Amino acid sequence: MNEIAANLAADATSRIFRDLGDPQALNAAQDQAWRAPLWRALEDAGLTRAWVPEALGGAGAGIADGFEVLRIAGAYAVAVPLAETLLAGWLLAQAGLEVPAGPLTVAPARTADHLVMDAAGCVSGRARAVPFARDAERVALLARRGTGTVVALVARPQCALEPGSGHAGEPRDALTFASVRPLAVAEAPPGLDEARLLALGAAVRAAQISGALEAILERSVAYANERVAFERPIAKFQAVQHQLARLACETAAALAAAGSAADALDRGQADDDALFLEIASAKIRAGEAAGAGAAIAHQVHGAIGFSAEHVLHRYTQRMWAWRDDFGAEAEWAARLGRALAAAGAQALWPLLAAR
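Residues numbered from 1 in each chain as written. Predicted model: local features only at pLDDT ≥ 70, side-chain atom pairs only at ≥ 80, totals over all residues. Heavy atoms only, no water.

1. Regarding the overall build of the protein
A tally of helices and strands in the protein yields 12 helices and 10 strands. A compact globule built from 355 residues would reach a C-alpha radius of gyration of about 20 Å, and the protein, at 21 Å, matches this within 12%. By principal-axis analysis of the C-alpha atoms, the protein measures approximately 75 × 65 × 40 Å. Scored against the burial criterion, the 355 residues of the protein give a buried share of 50%. A sequence separation of at least 24 residues applies to 73% of the contacts in the protein between residues at least 6 apart. As displayed, the protein has an accessible area near 15600 Å², and 53% of this comes from carbon and sulfur atoms. Side chains of the protein carry 32 positive and 39 negative charges; the gap between the two charge centres is 4 Å. (Helix = DSSP H or I, 4+ residues; strand = E, 2+ residues; numbered from the N terminus. Rg over C-alpha atoms; globule rule 2.2 N^0.38 Å. Buried < 20%, exposed > 50% of the residue type's maximum accessible area, 1.4 Å probe, protein only. Contact = heavy atoms within 4.5 Å. Areas by Shrake-Rupley, 256 points an atom, 1.4 Å probe, with all protein chains shown as cover. Lys, Arg positive; Asp, Glu negative; His and termini not counted. Charge placed at Lys NZ, Arg CZ, Asp CG, Glu CD.)

2. Thoughts on the pattern of salt bridges
What the rule picks out here adds up to 17 salt bridges. The closest approach of N and O atoms between E194 and R144, which form a salt bridge, is 2.8 Å. One end of the pair, E194, is in helix α6 (residues 194-226); the other, R144, is in strand β4 (residues 138-145), with 50 residues separating them in the sequence. Of the residues examined, R144 reaches a relative accessible area of 36% and is grouped as partly exposed. (Salt bridge = Lys/Arg side-chain N within 4 Å of Asp/Glu carboxyl O.)

3. Some words on the packing of helix α8 (residues 272-301) against helix α9 (residues 312-324)
Taken N-terminus to C-terminus, the directions of α8 and α9 make an angle of 155 degrees; their axes are 10 Å apart at the nearest point. One way to sum up the angle between α8 and α9 is to call them roughly antiparallel. Every pair of crossing elements has a handedness; the one defined by α8 and α9 is left-handed. Taken together, the residues of α9 that come into contact with α8 (itself represented by K283, G287, A290, G291, A294, A297, H298 and H301) are L312, T316, M319, W320, W322, R323 and D324. (Axes fitted to C-alpha atoms, helices over the stretch in contact; angles between N-to-C directions. Parallel < 35°, antiparallel > 145°, perpendicular 65-115°, else oblique. Left-handed = near helix turned anticlockwise from the far one by under 90°.)

4. With respect to the nonpolar core
One finds F67, V151, I279 and M319 to be the most contacted residues of the largest nonpolar core, which totals 96 residues. Among the elements that take part in this core, α6 stands out by supplying 17 residues, more than any other. Those residues within four positions of M319 in sequence are excluded, and the remaining contacts are I209, A212, L213, I216, A290 and A294. Among the nonpolar cores identified, the runner-up in size contains 17 residues, and M117, V139, A152 and C159 belong to it. (Core = buried A, V, L, I, M, F, W, Y, C linked by side-chain atoms within 4.5 Å.)

5. Brief notes about the confidence of the model for the protein
For the protein, per-residue confidence averages 91 on the pLDDT scale, and residues scoring 70 or more make up 94% of the total. Overall, residues 351-355 carries pLDDT values under 50, and its contacts beyond four positions in sequence, including any with other chains, amount to 2 contacts. (pLDDT = per-residue confidence, 0-100.)

6. Things to note about the side chain of D173
Mapped onto the fold, D173 is located in strand β7 (residues 172-180). Residue D173 is classed as buried on the basis of its relative accessible area, which comes to 0%. Among the polar contacts made by the side chain of D173, one reaches the side chain of R134 at a distance of 2.5 Å. (Polar contact = N/O pair within 3.5 Å; in protein donor to acceptor, adjacent residues only side chain to side chain.)

7. Concerning the packing of aromatic side chains
Tallying each qualifying case throughout the model produces 3 aromatic pairs. Taking 5.6 Å as the distance between ring centres and 20 degrees as the angle between the ring planes, the aromatic pair formed by F17 and Y76 counts as stacked. With F17 in helix α1 (residues 3-20) and Y76 in the loop between α4 (63-74) and α5 (82-94), this residue pair connects regions lying 59 residues apart in the sequence. Taken as a pair, F17 and Y76 share a single burial class, namely buried. Here the guanidinium or amino end of R232 rests over the ring plane of F237, the centre of that ring lying 4.2 Å away. (Phe/Tyr/Trp six-rings, centres within 6.5 Å; stacked < 30°, edge-to-face > 60°. Lys NZ or Arg CZ within 6 Å of the ring centre and 35° of its normal.)

8. Focus on empty space enclosed by the protein
Under the criterion given, the structure shown has 2 cavities of 30 Å³ or more. Taken as a whole, the largest cavity encloses approximately 130 Å³ of empty space. V78, V80, L82, Q208 and W322 are, among the 17 residues lining the largest cavity, the residues nearest its centre. Taken together, the residues of the lining of the largest cavity break down into 11 nonpolar, 2 polar and 4 charged. Size it by volume and the second largest cavity reaches roughly 30 Å³. Residue lining of the second largest cavity: W90, R196, A199, L200, L265, L275 and I279, and that is the complete set. Put simply, the parts of the chain that give the lining of the second largest cavity at least two residues each are α6 and α8. (1 Å grid on protein atoms, 1.4 Å probe; cavity = no way out; pocket = protein on both sides within 12 Å on 5 of 7 lines; lining within 4 Å. Points joined across faces, edges and corners; volume = space filled by probe spheres on them. Nonpolar A, V, L, I, M, F, W, Y, C, P; charged D, E, K, R; others polar.)

9. Observations regarding the state of the cysteines
By definition, a disulfide is the covalent link that joins the sulfur atoms of two cysteine residues. Counting across every chain of the model gives 0 disulfides. Lacking any disulfide linkage, C159 is separated from the closest cysteine sulfur, that of C122, by 12 Å. Note on C159: relative accessible area 6%, which makes it buried. (Disulfide = S-S within 2.5 Å.)

10. Examining the side chain of T251
Mapping T251 onto the fold places it in helix α7 (residues 238-266). Take T251: its relative accessible area is 3%, and that puts it in the buried class. Beyond its immediate stretch of four places on either side in the chain, T251 contacts L213, E214 and L217.

Okay, structure coming up:
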């Protein structure tokens, strides 16, 4: 996708969410009737297949272009499986499989979960906390077969579903695969395994968090300039200015880390260690920023931000959920620490080790 097409995709994403996914309007909605027209608009614009090559019926967007779409979507914090469908489309496309229309999700979504395909071609195993599983029509998955790995597409109703939810109340369901026969299956290309899928999912969540932080920063600044205390806007008070400056710093850090990971993925970073460092850093820093940023935003808004009628909680609750998906920052920090320890002093202090 060229630069003009990428800008058009970003503009389309902003327009669709602005028109059909405004957080304040959805917060006041009495039902879920808004979901169908929003999803239809995203599909019609080709955004749900952004990472699917044109040869397979997709938009053929670059990785970085898709991450920009996700950052914008994160700024609206709307509970639709756009990110999950993008991930599923990417996974299926890697194996040359056709990507069906409709909402999709991916499995496994936790590092300790593994799916297995037997000699008869059926999938077994359990995947926990699968995002939007009950809303998905199909599941794109990775399964181990012998010494290799396969990509498969499974009809979600063929799986036993145990309902679960994240911090925002969105589906994080457990799926049990009991000798489920896939709709389609293909060998995974070299280098595509569970770790690679989880890493891309972690980078996706970092992008969404960075977008949400941008939105709560904008809302917090606007509220501070509108809210009057002691006959002047609270934005005039030094303590509030300090908090808003801290929120701006956390937002900038998350944006930089998520953007760097997206760029590394877009370049097809050949060095696996360097790519791991980028993604681990993005998930860790974005997760930390989500925690600090949510606390600051709620302090600025006071008690009103915690009420169900206010949109702020839609952002903060989703950021907390995104922190846990595809590995929380504590898990990524532990993995990063083990990797650096294994690499030795030269990886930490190359100039000192060279002496």
